[in-house]
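# Coordinate analysis (summary)
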Amino acid sequence: MIAVVLLQIIARYALPWSPNWTEELARFCFIYLVSIGAALAVKDKGYVSVNTFLDRLSPKAKSKMEAFILVFIIALMFTQFVFSLPLMDIVTLQKSPSLNLNMAFMYGSMAIMGFFVSLYSIFELLKKFK
């Protein structure tokens, strides 16, 4: 993504023309980085959380509430995964304007995010019960 954006910047100022596909590729890279980053945030516990409520609970209640939150995340992300698969099938006929990529590839980022966030949430939930 950095190379693509750098190419666009250099082309705007140093070349007589700039490639029109760089903006689209940078956007696609950003979407996939966010999708994969969300899963890694769950894996590394790097997501944003407001602990004001959780800090007031007893350790046992806090653990139960964290488990409930993980179950809710699993349900939400698994639902996203399931519903993104038919959506990928619907958009298989569409192509991106500049790169001429199949848009199912782009909508696949939703499936990847749903799958991996729910997978890592399951792993975190299993760690809580060990």
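All of the points below concern the structure found in this document. Predicted model only: the values in this text are computed from it and were never measured. (Residues numbered from 1 in each chain as written. Predicted model: local features only at pLDDT ≥ 70, side-chain atom pairs only at ≥ 80, totals over all residues. Heavy atoms only, no water.)

### What about the overall build of the chain?
Put simply, the rule is: For the purposes of this entry, the term helix denotes a DSSP run of H or I that reaches at least four residues, the term strand denotes a run of E that reaches at least two, and both are numbered from the N terminus. The globule rule is 2.2 Å times the number of residues to the power 0.38, and the radius of gyration it is compared with is taken over C-alpha atoms.
A tally of regular secondary structure across the chain gives five helices and zero strands. Along its sequence from the N terminus, the chain presents helices and strands in the succession α-α-α-α-α. Taking 130 residues into account, the globule formula puts the C-alpha radius of gyration at 14 Å, and the chain, at 20 Å, lies well above it. Overall, the C-alpha framework of the chain stretches about 65 × 35 × 20 Å when taken along its three principal axes.

### Some remarks on the packing of helix 1 (residues 2-14) against helix 2 (residues 22-43)
For clarity, the cut-off: Lines fitted to the C-alpha atoms define the axes, with helices restricted to the stretch that makes contact. Angles between their N-to-C directions range from 0 to 180 degrees. Reported orientations rely on four angle classes, namely roughly parallel under 35 degrees, roughly antiparallel over 145, roughly perpendicular from 65 to 115, and oblique for the rest. Take the far helix as your reference; a near helix turned counterclockwise from it by less than a right angle gives a left-handed crossing, and one turned clockwise gives a right-handed crossing. What makes two residues a contact is simply this: any of their non-hydrogen atoms within 4.5 Å. Residues are grouped as follows: nonpolar covers Ala, Val, Leu, Ile, Met, Phe, Trp, Tyr, Cys and Pro; charged covers Asp, Glu, Lys and Arg; every other residue, Gly included, is treated as polar.
Two numbers describe how helix 1 lies on helix 2: the axes approach to 9 Å, and their chain directions differ by 155 degrees. Judged on the interaxial angle alone, helix 2 and helix 1 are roughly antiparallel. When the axes of helix 1 and helix 2 are compared, the crossing they make is left-handed. Residues Val4, Val5, Leu7 and Gln8 of helix 1 form the contact with helix 2, whose own contacting residues are Thr22, Leu25 and Ala26. For the contact of helix 1 with helix 2, a count of residues per class yields five nonpolar, two polar and no charged.

### Examining the packing of aromatic side chains
To be explicit about the condition: Ring geometry is summarised as follows: Phe, Tyr and Trp rings, the Trp one being its six-membered ring, pair when their centres sit within 6.5 Å, and such pairs are stacked at plane angles under 30 degrees, edge-to-face over 60 and tilted between the two. Only protein chains enter the accessibility calculation, which uses a 1.4 Å probe. A residue is then buried if its area is under 20% of the maximum for its type, exposed if over 50%, and partly exposed in between.
The full count for this structure, using the stated rule, is six aromatic pairs. Look at phenylalanine 81 and phenylalanine 115: their rings are 5.7 Å apart centre to centre, the planes differ by 50 degrees, and that puts the pair in the tilted class. Highlighted residues: phenylalanine 81 in helix 4 (residues 59-90) and phenylalanine 115 in helix 5 (residues 103-128), separated in sequence by 34 residues. Residue classification places phenylalanine 115 among the partly exposed residues on the basis of a relative accessible area of 37%. Ring pairing ties together the aromatic residues Phe78, Phe81, Phe115, Phe116, Tyr120 and Phe123, which thus form one cluster.

### Section: unusual backbone geometry
With phi around 55 degrees, lysine 45 is a residue other than glycine that occupies positive phi space. With respect to the helices, strands and loops of the structure, lysine 45 is situated in the loop between helix 2 and helix 3 (52-55). Backbone geometry places asparagine 100, a non-glycine residue, at a positive phi of 60 degrees. When you line up the elements, asparagine 100 lands in the loop between helix 4 and helix 5. Classification of asparagine 100 as exposed rests on a relative accessible area of 51%.

Just distances and angles here, no functional claims.
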